[in-house]
Amino acid sequence: MDISTLQSLEAQGAHAKIELALSQSTGTLQSPQVLQYATQYYVRRGKPDKVLTYYSQYVQTSTEGNRDLNAVGMAIECAQKLGKHSLTQDYFFALSNSEREALPPQALLHVCEAFLALGKINEAEKVCGFLRKRSGLNALPNFDSMIQSRFGSAVGVRKFIENTKPSFTKAHKDESINTAISLAMAHMAEGNFRAALDVLTQCKSAVTLC
């Protein structure tokens, strides 16, 4: 079934027909466009398990040249909603370096959250670097240098945590993400990775598109 027909059926609310058509095509060779539609359709329907089913097919048929990073971001979000941190990691690592950096900020927050949950601090730090770059902040060479440059000392880290309220809004997305990253890094500097994960989770919930 082509995209226009699927879109027309969705506009009519004919979800049973859409889902029957998609289920009958599972396991057959479909175009990346149809699989992308299926991924986005099930996001709209609130069925994350289905999103992952069709995204796994989508990523196998798409390439860096035609892969839609918004579809990738949706799959990453659904994997995180299901608590599948390792799957989020796999989706991220399946991308090229340029694709990773170009992911939507919300998707990068999900990835950072997954790495923290998996205890992969260095990888989380790299993703934070992408977010800092997206926010117009200079990338720093390593974690210790970033902490020293941003906070000055352990006392500065503690003061920042005490004086910065973890308040995030979709209306001020970039500012919220920047604050969340700074707070997460401050908590990480104190070895409190649970608090860092909580901050990123709060920010993700506030600014996410889905």
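Predicted model only: the values in this text are computed from it and were never measured.

**Q** What am I meant to see in the overall build of the protein here?
**A** Secondary structure assignment for the protein yields 13 helices and 0 strands. Its helices and strands in sequence order give the protein the pattern α-α-α-α-α-α-α-α-α-α-α-α-α, from N to C terminus. Out of the 210 residues belonging to the protein, those deemed buried represent 46%. In the protein, once contacts between residues fewer than 6 apart in sequence are set aside, the share between residues at least 24 apart is 60%. Accessible surface computed for the protein: about 10300 Å², of which carbon and sulfur atoms make up 49%.

**Q** Even after reading the chapter, I still don't get the nonpolar core, so can you show me in this structure?
**A** Nonpolar side chains in soluble globular proteins tend to end up buried together. In terms of nonpolar packing, the biggest core is built from 61 residues, with Leu 22, Phe 92, Leu 103, Leu 109, Ile 181 and Leu 200 touching the most fellow members. The residues touching Leu 200, leaving out its near neighbours within four places in the chain, are Leu 109, Cys 112, Glu 113, Leu 116, Ala 180, Ile 181 and Ala 184.

**Q** Any chance you could explain the confidence of the model for the protein here in plain terms?
**A** For the protein, mean pLDDT is 82; residues scoring 70 or higher make up 90% of the total. Ranking the elements of the protein by mean pLDDT puts helix 10 (residues 143-151) last with 69 and helix 6 (residues 85-93) first with 91.

**Q** When you look at the packing of helix 8 (residues 105-117) against helix 13 (residues 193-207) in this model, what are you seeing that I'm missing?
**A** The packing of two helices is summarised by the inter-axis angle and the distance between the axes. In the contact formed by helix 8 and helix 13, the axes pass within 9 Å of each other and the chain directions differ by 155°. The pairing of helix 8 with helix 13 is recorded here as roughly antiparallel in orientation. The two elements helix 8 and helix 13 cross, and the hand of that crossing is left-handed. Here Gln 106, Leu 109, His 110, Cys 112, Glu 113, Leu 116 and Ala 117 of helix 8 lie close against helix 13, whose contacting residues are Ala 196, Leu 197, Leu 200, Thr 201, Cys 203, Lys 204 and Val 207.

**Q** Please explain helix 11 (residues 154-163) as it appears in this structure.
**A** Working note: α-helix, 3.6 residues per turn, so residues spaced by three or four point in the same direction. Those residues of helix 11 not exposed but buried are Gly 156, Val 157, Phe 160 and Ile 161. Along the axis of helix 11, the buried residues cluster in a sector spanning 135°; they form a single face. Facing away from the buried side of helix 11 by more than 90 degrees, the exposed set consists of Ala 154, Val 155, Glu 162 and Asn 163.

**Q** When you look at helix 5 (residues 69-81) in this model, what are you seeing that I'm missing?
**A** The first and last C-alpha atoms of helix 5 sit 18 Å apart over 13 residues, in line with the 18 Å expected at 1.5 Å per residue. Counting buried positions along helix 5 yields 11 of 13 residues, so the element is predominantly enclosed. Three or more residues of helix 5 are buried, namely Leu 69, Ala 71, Val 72, Gly 73, Met 74, Ala 75, Ile 76, Glu 77, Cys 78, Ala 79 and Gln 80. In this structure, the buried residues of helix 5 make contact with helix 3 (32-44), helix 4 (48-61), helix 6, helix 7 (97-102) and helix 8. Capping the start of helix 5, Asp 68 holds a side-chain oxygen 2.8 Å from the backbone nitrogen of Asn 70, two or three residues further along.

**Q** Mind showing me how you'd approach the state of the cysteines here?
**A** A disulfide bridge is the covalent bond that connects two cysteines by way of their sulfur atoms. Evaluation of the coordinates by the stated rule reveals 0 disulfides. Here Cys 128 is not cross-linked by a disulfide; its sulfur's nearest cysteine counterpart is in Cys 112, at 3.4 Å. For Cys 128, a relative accessible area of 1% puts it in the buried group.

**Q** When you look at the environment of Arg 100 in this model, what are you seeing that I'm missing?
**A** With respect to the element layout, Arg 100 can be found in helix 7. Judged by relative accessible area, Arg 100 falls into the buried class, the value being 17%. In the structure, Arg 100 is positioned 11 residues away from Val 111 in sequence and 9.9 Å away in space, judged by C-alpha atoms. Ignoring anything within four residues of it in the chain, the contact list for Arg 100 reads Phe 92, Phe 93, Leu 95, Leu 108 and Phe 130. At 3.2 Å, the side chain of Arg 100 and the backbone oxygen of Phe 92 are in polar contact.

Conventions we followed
- Residues numbered from 1 in each chain as written.
- Predicted model: local features only at pLDDT ≥ 70, side-chain atom pairs only at ≥ 80, totals over all residues.
- Heavy atoms only, no water.
- Helix = DSSP H or I, 4+ residues; strand = E, 2+ residues; numbered from the N terminus.
- Buried < 20%, exposed > 50% of the residue type's maximum accessible area, 1.4 Å probe, protein only.
- Contact = heavy atoms within 4.5 Å.
- Areas by Shrake-Rupley, 256 points an atom, 1.4 Å probe, with all protein chains shown as cover.
- Core = buried A, V, L, I, M, F, W, Y, C linked by side-chain atoms within 4.5 Å.
- pLDDT = per-residue confidence, 0-100.
- Axes fitted to C-alpha atoms, helices over the stretch in contact; angles between N-to-C directions.
- Parallel < 35°, antiparallel > 145°, perpendicular 65-115°, else oblique.
- Left-handed = near helix turned anticlockwise from the far one by under 90°.
- Arc of directions from axis to C-beta.
- Expected span 1.5 Å × (residues − 1).
- Polar contact = N/O pair within 3.5 Å; in protein donor to acceptor, adjacent residues only side chain to side chain.
- Disulfide = S-S within 2.5 Å.

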